[in-house]
Amino acid sequence: MNRQRPDGKTPAHTSGASWGGMDAADLDALRESVRGECSRHWPTATAAETGDVTALWAVAARQGWTDLAGRELTPAAIAVQEELGRVACPLPVVDIALAAGVLEDRGHGSAVREIAQGSLRPVLAHVARPREDGETVVRHLEAGTAATHVLAVDQEAGLLAWHALAGAVVTPLPGLAVPAWSEVRLSGPPEWTAKLEDHPDLLLLRRTGLAARAVAAVRRTHELAVQHACQREQFGKPIGSFQAVSHRLVDVETALTAARRLLDHAMVLLGKGDEQWRTAAEIHLEFVTGTMAELQFDGHHTLAAVGYFEEHEAPWLFRRAHADLAVLSATAGTTGVGGQLLDEGARLPDFDLGPEAERIRREVLDAFAPWTNGPPAGLSSWDDAARAVLRDRGWIGVGWPLELGGGGFGTAEAAAFSEAIAYSDPPVGNIWMGINSIAPMLIKAGPPGLRDLLLEEIRRGDLSVALGYSEPGAGSDLASLRTRAERVPGGWRVNGQKLWGTCVPDSRLIVLAARTAPEATPPHAGISLFLVDLDSPGITVQRHHSLGGDVSATTFWDDVFVPEDRLIGEENKGWAALSVALAAERVLIGASVMKAHRAFDRLVRLVSEHPELVPPKRRADLRPEIGRLAVRLQAARALVNAAVEAMASGDGARKEAPMAKISATELAENLNATAVALLGPDALHHHGAEGAVGDGYFEEGLRASIMGVIAGGTGDIQRNLVARGMGLPR
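Quick summary incoming for the structure in this document. None of these values were measured; they are calculated from a predicted model. (Residues numbered from 1 in each chain as written. Predicted model: local features only at pLDDT ≥ 70, side-chain atom pairs only at ≥ 80, totals over all residues. Heavy atoms only, no water.)

### Considering the pattern of salt bridges
Definition in use: Salt bridges are defined by distance alone: a side-chain nitrogen of Lys or Arg within 4 Å of a carboxyl oxygen of Asp or Glu. Helix numbers and strand numbers start at the N terminus; a helix is a DSSP run of H or I with at least 4 residues, a strand a run of E with at least 2. For every residue, the accessible area obtained with a 1.4 Å probe (protein chains only) is divided by the maximum for its type, and the residue is called buried under 20%, exposed over 50%, and partly exposed between those limits.
Enumeration according to the criterion identifies 49 salt bridges in this entry. We note a salt bridge from R320 to D324, for which the minimum N-O separation is 3.1 Å. Of this pair, R320 and D324 are both found in helix α9 (residues 314-330), four residues apart, which corresponds to roughly one turn of the helix. When its relative accessible area of 1% is taken as the criterion, D324 is described as buried. In this structure, R618 engages E625 in a salt bridge whose closest nitrogen and oxygen atoms are separated by 3.6 Å. The exposure class of R618 is partly exposed, given its relative accessible area of 22%.

### Considerations on the state of the cysteines
Filter applied, for reference: Pairs of cysteine sulfur atoms within 2.5 Å are identified as disulfides in what follows.
Tallying each qualifying case throughout the model produces zero disulfides. Note on C38: no disulfide assigned, nearest cysteine sulfur contributed by C89 at a separation of 6.1 Å.

### Some thoughts on the nonpolar core
For clarity, the threshold we go by: Think of a nonpolar core as a cluster: buried Ala, Val, Leu, Ile, Met, Phe, Trp, Tyr and Cys residues, connected wherever their side-chain atoms sit within 4.5 Å. Residues count as neighbours in contact if any of their non-hydrogen atoms are within 4.5 Å of one another.
Ranked by size, the top nonpolar core spans 231 residues in total, and within it L91, M292 and F600 carry the most contacts. Top element by residues in this core is helix α6 (residues 202-231). It accounts for 15 residues. Residues contacting M292, with those up to four places away along its chain left out, are V215, V218, L256, A259, F287 and L325.

### Description of the pairing of strand β12 (residues 491-498)
Note the following rule: At least two DSSP bridges between two strands are needed for those strands to be called paired.
In the sheet, strand β11 (residues 484-488) pairs with β12 via five bridges, with the strands oriented antiparallel. Bridge pairing in β12 places R487 opposite W492. The turn joining β11 and β12, which pair antiparallel and follow one another in sequence, is formed by two residues; a positive phi near 85° is taken by G490. Relative to strand β16 (residues 551-563), β12 is paired through seven bridges, and the arrangement is antiparallel. Within β16, the residue paired with K498 across the bridge is T555.

The structure is reproduced here in structure tokens:
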């Protein structure tokens, strides 16, 4: 389809699209066009009180927004309606597209052309009650004063009915929605009817459009809240510098980013003709209906009184968001995501990274299948056969450059590989720290001789490297570390103490962060990185057993000599290399979302095959809880993918990587706790213990989940990082 618009221009859609028939550039151009027209005809959400929907409908026809009929163009209509949500405009562009699509399927070409020209103005509405004495009543009709026709949806009867509104009784329904919804009494018979089942995607696409508009209203409120937090001062400081405010804004930013990515995922699958787009769309809808009302409140809490009065945009955005959310709830189907997974055998759709990436994902999953159904692998779990798979297939360092002996994988291939490894969770010990955290640091800043030597050892699977970052007074705040490295002939002498040395007991080398210029400013200046042998004289190791079952260590450094050639990068400039390692570590921890995916799949399989394991009182909660976890899991996966893309562009450490870590690690805590709540105390037995439910998987996952939130910087620190990336004041 490539129809001309009334103005003679071709609608902005091309082949190879990411959303239906539109590629990213065309989609951006369309959004920009909508914003430009709105700036002239409906400039802000405050226009909702007096705006002329009929006049804007004419603008829409001139711009081609009413000429988006058909499955491949409906995503473009969703994009337009999403932009309209930013100004609380109720022009029902998705209704127009869907009605035109139904008419086109029925061969009513002249009516489709009239819709494109704006002379025929259809809306969708749900039948409020069955026919009474030949009368049909529809309520909550949008743009009722501008519409000429209604496509009435009777979900109970499974029918669509086409009515002209001429002669119908249209009554405004004053209330939250502005402009007001309408109630319409249709006394005559419809011009035609159709079976709803012949248009199976109609309601799902309409609800997706409503959700996109609601999210856009919340997003605009959030933008206003961020601006306010940067400008409004209390107690002599911008309110955005107060952690209670900044963390609230960060959580909203994270959720809105997830919503954006979930919608993108559904539209990409729709454009590819992948039937799993429906599951992806339902996940997006449940995420929106489960989070957006609270996020809108959060925006108002930040704006406070300034956003409570109707001179401001926020009250009108509030009306738009909550009105759309109410319709979404009223038109939801009877089977949620949890029911689809438990009763219909649906599976969570993957985020397609391209044919080559998908081939790699499948190959890795197949190679590690013998270990996938075993107990979770801790840092000390070690199986020579599993390590041999990595080594013999050349899968160690797949993301490193080819010239350094790596696989040269692109971003998509490396992401697919990491996801598959994390899901398989093979027992290969702490090798990943060296591969995914230390190696990138060495590649960026290591001296060639040291770099090549260590990369070769790592690639053979022989080298485990520990981290020596945290200290008694410098955990997540590494800029305040105090361990000193003083220059001596041939190298340095190190004195200090390091805490929580992950992998220390199983490693022969440690990456040490030490202060080499105590007077340097700012605080993160004057730090250097070293690679140190753990058997060096003067290092004392004190072991600690963690709640998760792994062994960590405190190391005491007393006049430890470090040779000159063990400096990583330049002296006093270790912070840049350290940032590379920390960012890679955050994405590595964020990629653990796939371990949560594995635990989730295990839980779904367990309660599907053995529903009797769930206590009777909790069985009514089972499907909603499974659905909630599924939606949260997909949101975390979406954020991890966003982080991988951002890291590839060199900007991921600002927002996306810490957002991914927050989402993935907090999900792991909640997922395992929910599994235990659903399965009861028998889920709290070790692997192999008599009567253990779930093979001890959830017990181990629950205990270990706290470390995910702490490692690489606590959740609070990650939120501080996101706040900085958002430009909030410190």
